[in-house]
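Residues per chain are reported as follows:
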Amino acid sequence: MKQQLEQIKNQAIEELKSAADLKAVDDVRVKYLGKKGELTAILKQMGGLSPEERPIVGQLANKIRAEIEETLTETLATLKDKETEQRLAAETLDITMPGKKTAEGGLHPLSIVLDDMIDIFRSMGFDIVDGPEVETDYYNFEALNVPADHPARDMQDTFYLAEGLLLRTQTSAAQIRTMETRKPPIRILCPGRVYRADEVDATHSPVFHQIEGLVVDKGITMCDLKGVLEQFAREIYGPETKVKFRPSFFPFTEPSVEVDVSCSECGGVGCRVCKGSGWIEILGAGMVHPRVLSACGIDPEEYSGFAFGIGLDRITTTRYKISDIRNLFENDLRFLEQF
Ligand code: DAH
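The following paragraphs examine the structure supplied in this document. It should be emphasised that the depicted structure is a prediction, and the values quoted were computed from it without experimental measurement. (Residues numbered from 1 in each chain as written. Predicted model: local features only at pLDDT ≥ 70, side-chain atom pairs only at ≥ 80, totals over all residues. Heavy atoms only, no water.)

**Regarding the site of the ligand**
Move 1: As a matter of local geometry, the ligand sits amid 16 residues, with Gln 170, Gln 175, Arg 196, Gln 210 and Glu 212 nearest to it.
Move 2: Gln 210 is positioned with one of its side-chain polar atoms (N or O) 2.8 Å from an oxygen atom of the ligand.
Move 3: Within the backbone of Ala 307, an N or O atom sits 3.1 Å from an oxygen atom of the ligand.
Move 4: The fraction of the free accessible surface of the ligand (350 Å²) that becomes covered by protein chains is 92%.
Move 5: For the shell around the ligand, the secondary-structure elements that each account for two or more residues are β5 (207-217), β8 (279-288) and β9 (304-311). (Near = heavy atom within 4 Å. Polar contact = N/O pair within 3.5 Å; in protein donor to acceptor, adjacent residues only side chain to side chain. Areas by Shrake-Rupley, 256 points an atom, 1.4 Å probe, with all protein chains shown as cover. Helix = DSSP H or I, 4+ residues; strand = E, 2+ residues; numbered from the N terminus.)

Given below as structure tokens:
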């Protein structure tokens, strides 16, 4: 029996030495020390020994169990260390490796220019307001002194929707909505999309952008209009910019003007950007027509105002020398990434 015990011990230790992982170690434990293990089986036979032999064999069996257990614990520890080492090695990070760049989005050129314009007008005390793109005939035309039979309706090819509704052809509709809900002094800016049934070409698009401005207060004159719009033009195009006011006609302003700025590309000599004229038309403006004020419940005897409508696409294409307006709407990343 002693021999058997020694043999079990040697075998168990031998097997532990060659155990490659935690599972193999546990298998050895079950095989020798488990309830149905080999050592346990031997101990069960101790009943057949003489009373003198029993304690000696018992002692030996306990010693062997202890030895196997000790080796088992050591082997477990070594294997665990090894595993940790392997895991750490696999997790090693090379912090000197260059990172992967994620593609960065950017603002659309129209948004860049609009943000700049909003900054300029905000600094002059303007509020930003919004208006619906689906408008009623009343706000888009009627209240702006363009009755149904007015020839000026021809100037703007309108997308008509259901009865009385249309896609706004001008942000000027926002003037009326503002004057109906606010009392003077009023100083607002309304940027947004507008729609006209135009054929698409390098300078026309059925969807484009305007920025409407409106100022109403006591004692507002044409000088205020000139001052504000000259200031705006110089901030957008640079301090040397020359500004020209040409007489024009809009049904909702009297008098009306169109505003040209000296071409920022050639300084006024004539080039591709200004099509040789030296000037770029950027907006329409005028003193708010007394009839428009009256229609909104503002007494034209007491108050006066000026309004303007700026073409955002025009400002953007001239600033960035974009020769085809379609670039602004096609969203080709190769184009947009340049801004
Ligand atoms: N709504 C005009 C257009 O689309 C532009 C304009 C002209 C707006 C004069 C105004 C203005 O507010 O006073 O052509």
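**Thoughts on helix α5 (residues 109-123)**
Move 1: Counted at 1.5 Å a residue, the expected span for α5 with its 15 residues is 21 Å, and the 21 Å between its end C-alpha atoms agrees.
Move 2: Within α5 the residues assigned to the buried category are Pro 109, Leu 110, Val 113, Leu 114, Met 117, Ile 118, Ile 120 and Phe 121. Seen end-on, α5 carries its buried residues on one side only, within an arc spanning 165 degrees. Of the residues in α5, the exposed ones pointing more than 90 degrees away from the buried face are Asp 119, Arg 122 and Ser 123.
Move 3: Looking one or two places after α5, you find Gly 125, whose phi comes out positive at around 90 degrees. (Expected span 1.5 Å × (residues − 1). Buried < 20%, exposed > 50% of the residue type's maximum accessible area, 1.4 Å probe, protein only. Arc of directions from axis to C-beta.)

**Things to note about a nonpolar patch on the surface**
Move 1: Taken together, Val 134, Leu 161 and Leu 165 make up a surface patch of nonpolar side chains, about 220 Å² in accessible area.
Move 2: You can see Leu 165 is positioned in strand β3 (residues 165-167).
Move 3: By relative accessible area, which is 32% here, Leu 165 ends up partly exposed. (Patch = residues over 30% accessible without salt bridge, like charges linked within 9 Å, V, L, I, M, F, W, Y side chains within 5 Å. Salt bridge = Lys/Arg side-chain N within 4 Å of Asp/Glu carboxyl O.)

**Some details on the packing of α5 against helix α10 (residues 312-319)**
Move 1: Where α5 meets α10, the axes come as close as 9 Å, and the angle between the chain directions of the two elements is 105 degrees. The pairing of α5 with α10 is recorded here as roughly perpendicular in orientation. Residues Pro 109, Leu 110, Ile 112, Val 113, Leu 114, Asp 116 and Met 117 of α5 form the contact with α10, whose participating residues are Leu 312, Asp 313, Ile 315, Thr 316 and Arg 319.
Move 2: Among the residues forming the contact of α5 with α10, the class breakdown is eight nonpolar, one polar and three charged. (Axes fitted to C-alpha atoms, helices over the stretch in contact; angles between N-to-C directions. Parallel < 35°, antiparallel > 145°, perpendicular 65-115°, else oblique. Contact = heavy atoms within 4.5 Å. Nonpolar A, V, L, I, M, F, W, Y, C, P; charged D, E, K, R; others polar.)

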